Amino acid sequence: RSSWCFSRSSVRISSSTTRPGNPFTAVTGSPVASRSRPTRGGVAGELEMPVFEWTITQGLVRWPERTPNHSLREAAAMLGHLRGLTVEAVFVLKDLGRHLEEPTTARLFAEVARAFARTRSTMVVTGASLRFPADLEHLVVPFQLALPDPKELRDVVTGVVDSLGERGAHAELRLEDAELDEL
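Remember, it's a predicted structure, so these values are computed and weren't measured experimentally.

**Quick look at the overall build of the protein**
Turning to step 1, where the next piece is worked out: Looking only at helices and strands, the protein has 6 helices and 6 strands in total.
Turning to step 2, where the next piece is worked out: In the protein, the succession of α and β elements from N to C terminus is α-β-α-β-β-α-β-α-β-β-α-α.
Turning to step 3, where the next piece is worked out: In the protein, once contacts between residues fewer than 6 apart in sequence are set aside, the share between residues at least 24 apart is 70%.

Printed below as a string of C-alpha cells:
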C-alpha cells in the first residue's frame, strides 16, 4: 500500500475545488498525481460523500471495497454509466485525458460534467500531465498538485517519530539538521 505526501496548501485547495458546482477538477503536476489514492478521511470524507475510482484496468471501483467492475473498463462505458447515476459522489478518474481525444468519449464527458454541475458530484481527473479538447477546457477547474516543501517534509518526519512515541514505541530522532534536510 502506497501513501503520498503533498503540500498542505495542495490539500486545502483540493478541498475547495471538489465543492458542489465544480463538476470537474484536473489534478496534475507530479508523477504521483496519477497514482494518488482516494481516501475516506480526505476530501470526500470531509464532504461525507462516497468515493469511486476508475482505471482502464479495473473499471469503476467503489472505495474501500475495491471490487473491480470490468464491464465499466472502457472510458465511454464508464462515462455513460456516470451520466445516469443519481448517487452523489467523488469520482477519481485516472488517466482519462488520453481517452477524451475520441469524439464519443469527449461528448459523454461534457454531458456528465453538465449533469454533475446540478448536483454535489464531481469528477477528479488525475495524471502527470493532462490535455483536454478545446471544447472541454471551459469545464476544467485546474489544480496543480504540489509536493511538500522542505519544512513540510521535516514536519512529517518529526510527526511520525512523535506519533510512534505516543503509541509506546521507542522512537528517537538522532539526526543533525543537515542530515534531516538530506533525508
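Read on for the rest.
**As for the packing of helix H3 (residues 75-83) against helix H4 (residues 103-116)**
Turning to step 1, where the next piece is worked out: Taken N-terminus to C-terminus, the directions of H3 and H4 make an angle of 25 degrees; their axes are 9 Å apart at the nearest point. In this view, H3 runs roughly parallel relative to H4, as classed from their interaxial angle. Note on packing geometry: the crossing formed by H3 with H4 is left-handed. Of H4, the residues touching H3 (which contributes Ala75, Ala76, Leu79, Gly80, Leu82 and Arg83) are Thr105, Leu108, Phe109, Glu111, Val112 and Phe116.

**Let's talk about helix H5 (residues 150-166)**
Turning to step 1, where the next piece is worked out: Between its first and last C-alpha, H5 extends 24 Å over 17 residues, near the 24 Å set by a 1.5 Å rise per residue.
Turning to step 2, where the next piece is worked out: Immediately downstream of H5, the backbone of Gly168 shows phi near 90 degrees, a positive value.

**So, the pattern of salt bridges**
Turning to step 1, where the next piece is worked out: This model, assessed by the stated rule, comprises 5 salt bridges.
Turning to step 2, where the next piece is worked out: Of the charged contacts in the structure, one is a salt bridge between Arg62 and Glu65, with a shortest N-O distance of 4.0 Å.
Turning to step 3, where the next piece is worked out: You can call Arg62 partly exposed: its relative accessible area is 39%.
Turning to step 4, where the next piece is worked out: Arg83 is the salt-bridge partner of Glu111, the closest N and O atoms lying 2.6 Å from each other.

**As for unusual backbone geometry**
Turning to step 1, where the next piece is worked out: Of note in the backbone geometry, Asp95 takes a positive phi value of approximately 60 degrees without being a glycine.
Turning to step 2, where the next piece is worked out: A relative accessible area of 28% means that Asp95 is categorised as partly exposed.

Rules and cut-offs
Residues numbered from 1 in each chain as written. Predicted model: local features only at pLDDT ≥ 70, side-chain atom pairs only at ≥ 80, totals over all residues. Heavy atoms only, no water. Helix = DSSP H or I, 4+ residues; strand = E, 2+ residues; numbered from the N terminus. Contact = heavy atoms within 4.5 Å. Axes fitted to C-alpha atoms, helices over the stretch in contact; angles between N-to-C directions. Parallel < 35°, antiparallel > 145°, perpendicular 65-115°, else oblique. Left-handed = near helix turned anticlockwise from the far one by under 90°. Expected span 1.5 Å × (residues − 1). Salt bridge = Lys/Arg side-chain N within 4 Å of Asp/Glu carboxyl O. Buried < 20%, exposed > 50% of the residue type's maximum accessible area, 1.4 Å probe, protein only.

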